[in-house]
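# Chains, contacts and geometry: an overview
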Amino acid sequence: LESYRPQLVFQGATQAEGWRVSADLPLHIIAPGLRQEFTADAVTELTEPPTAVVTTHPAHGLSWLLDLWIAQIRPLAPTAHLVVVSAVLDKGRGGSEVPEDIRPVLAKALAAAEHGVEIVAPQSDAGMAWLYRSARVHLYPGHADDMVCWTLMESQACGLPAVARGLGAVRERIRDGQTGQVVPDDAAFANVAARLLTDDGMFWGMNRDARLLQRERNWDVVAAEFDTLIKAGPSA
């Protein structure tokens with residue numbers, strides 16, 4: 001890196017803050033873009049019962065969220081369902097082997113069926129966009145190493161409010177208080193999640209703001225920023 005002195009491009013401020021190399025190299029931030037399936041001006045069509053979605057990797061806070069769902073969230077929203085989107089858990093649900101460290105989470109998710117928990121496989125972009133537009137809240141545990149929060153970015157563009165812990169790049173993806181809430185503790189997470197599942201006024205307000213504010217960044221914009229950076233050369 002010191003020899004070639006390239007320009008370094010990070011996907012966000014959180015990722016750039018982790019750069020600890022002493023070499024004085026030019027640093028830039030170019031955030032990812034969104035596919036048109038998520039940015040389309042499609043109508044929100046809520047399904048019944050009210051649905052929450054979680055897309056986190058099973059090892060990145062899902063066990064915590066399942067415990068919180070059973071103990072605190074669902075008692076406040078007793079008809080609500082939680083859709084767990086996970087390729088590895090879906091395979092395990094079908095009888096395939098899963099990594100040893102994932103087995104306790106799989107067992108917990110399967111046992112939580114009586115509390116409205118359902119495991120589904122990830123879908124196409126169009127399928128995920130439909131799921132986001134039919135749900136009332138994206139529950140996002142967050143993880144310190146999550147530098148992009150891809151699915152959170154996509155669900156926000158679809159108008160799905162989020163409740164998240166402030167880990168990784170979460171604060172770059174949610175407009176706190178407008179398109180979702182970054183909460184300080186378990187109790188706040190449960191209370192905000194339950195409100196979004198049951199309070200139409202709160203849901204529709206955040207849904208509107210997310211649709212208006214969170215989908216302007218498509219891949220054409222990203223390509224244009226890279227083009228400008230490349231044409232400017234190493235001195236940029």
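Analysis parameters
- Residues numbered from 1 in each chain as written.
- Predicted model: local features only at pLDDT ≥ 70, side-chain atom pairs only at ≥ 80, totals over all residues.
- Heavy atoms only, no water.
- Patch = residues over 30% accessible without salt bridge, like charges linked within 9 Å, V, L, I, M, F, W, Y side chains within 5 Å.
- Areas by Shrake-Rupley, 256 points an atom, 1.4 Å probe, with all protein chains shown as cover.
- Salt bridge = Lys/Arg side-chain N within 4 Å of Asp/Glu carboxyl O.
- Helix = DSSP H or I, 4+ residues; strand = E, 2+ residues; numbered from the N terminus.
- Buried < 20%, exposed > 50% of the residue type's maximum accessible area, 1.4 Å probe, protein only.
- Pairing = 2+ DSSP bridges.
- Right-handed = clockwise from strand over helix to strand, strands pointing away.
- Core = buried A, V, L, I, M, F, W, Y, C linked by side-chain atoms within 4.5 Å.
- Contact = heavy atoms within 4.5 Å.
- Phe/Tyr/Trp six-rings, centres within 6.5 Å; stacked < 30°, edge-to-face > 60°.
- Lys NZ or Arg CZ within 6 Å of the ring centre and 35° of its normal.
- Lys, Arg positive; Asp, Glu negative; His and termini not counted.

Taken together, Val9, Phe226 and Ile230 make up a surface patch of nonpolar side chains, about 270 Å² in accessible area. Structurally, valine 9 can be placed in strand 1 (residues 8-10). Looking at valine 9, the relative accessible area reads 33%, which means it is partly exposed.

The next subject is the pairing of strand 7 (residues 162-165). Sheet topology places strand 6 (residues 137-140) next to strand 7; 3 bridges connect them, and they run parallel. Residue pairing for strand 7: leucine 139 is matched across the bridge by valine 163. Between the parallel pair strand 6 and strand 7, the chain is carried across by helix 7 (residues 150-157), and the sense of this crossover is right-handed. With 4 bridges joining them, strand 7 and strand 8 (residues 180-183) adopt parallel strand pairing. Paired with alanine 162 across the bridge in strand 8 is glycine 180.

Of all hydrophobic cores here, the largest spans 36 residues; its most connected members are Trp69, Ile73, Leu82, Leu139, Val163 and Phe189. Secondary structure elements with two or more residues in this core: strand 3 (51-54), helix 3 (58-76), strand 4 (81-85), helix 5 (103-111), strand 5 (117-120), strand 6, helix 9 (186-198) and helix 10 (200-213). Setting aside residues up to four positions removed in sequence, valine 163 forms contacts with Val137, His138, Leu139, Tyr140, Gln181, Val183, Phe189, Val192, Ala193 and Leu196. In this structure, Phe38, Val53, Val83 and Leu160 belong to the second largest nonpolar core, which totals 15 residues.

Mapped onto the fold, serine 134 is located in helix 6 (residues 125-134). By relative accessible area, serine 134 is classed as buried at 3%. What serine 134 contacts, discounting residues up to four positions off in sequence, is Glu45, Leu46 and Thr47.

With 6 of 8 residues buried, helix 7 lies mostly within the body of the structure. Along helix 7, the residues classified as buried are Leu152, Met153, Glu154, Ser155, Gln156 and Ala157. Buried residues belonging to helix 7 abut helix 2 (36-39), helix 6, strand 6, strand 7, helix 8 (170-173) and helix 10. Of the residues one or two after helix 7, glycine 159 is the one with positive phi, at around 90°.

All right, on to the packing of aromatic side chains then. Across all of its chains, the model carries 4 aromatic pairs by this definition. Aromatic pair phenylalanine 38 and tyrosine 132: ring centres 6.4 Å apart, planes at 40°, arrangement tilted. Here phenylalanine 38 is found in helix 2, whereas its partner tyrosine 132 is found in helix 6, with 94 residues between them in sequence. Taken individually, phenylalanine 38 and tyrosine 132 each receive the classification buried, so the pair is uniform in this respect. Arginine 136 extends its terminal NZ or CZ atom over the ring of phenylalanine 203, reaching a point 5.2 Å from the ring centre.

Within the secondary structure, glutamate 154 is located in helix 7. The charged side chain of glutamate 154 is buried without a salt bridge, its nearest counter-charge being arginine 35 at 7.3 Å.

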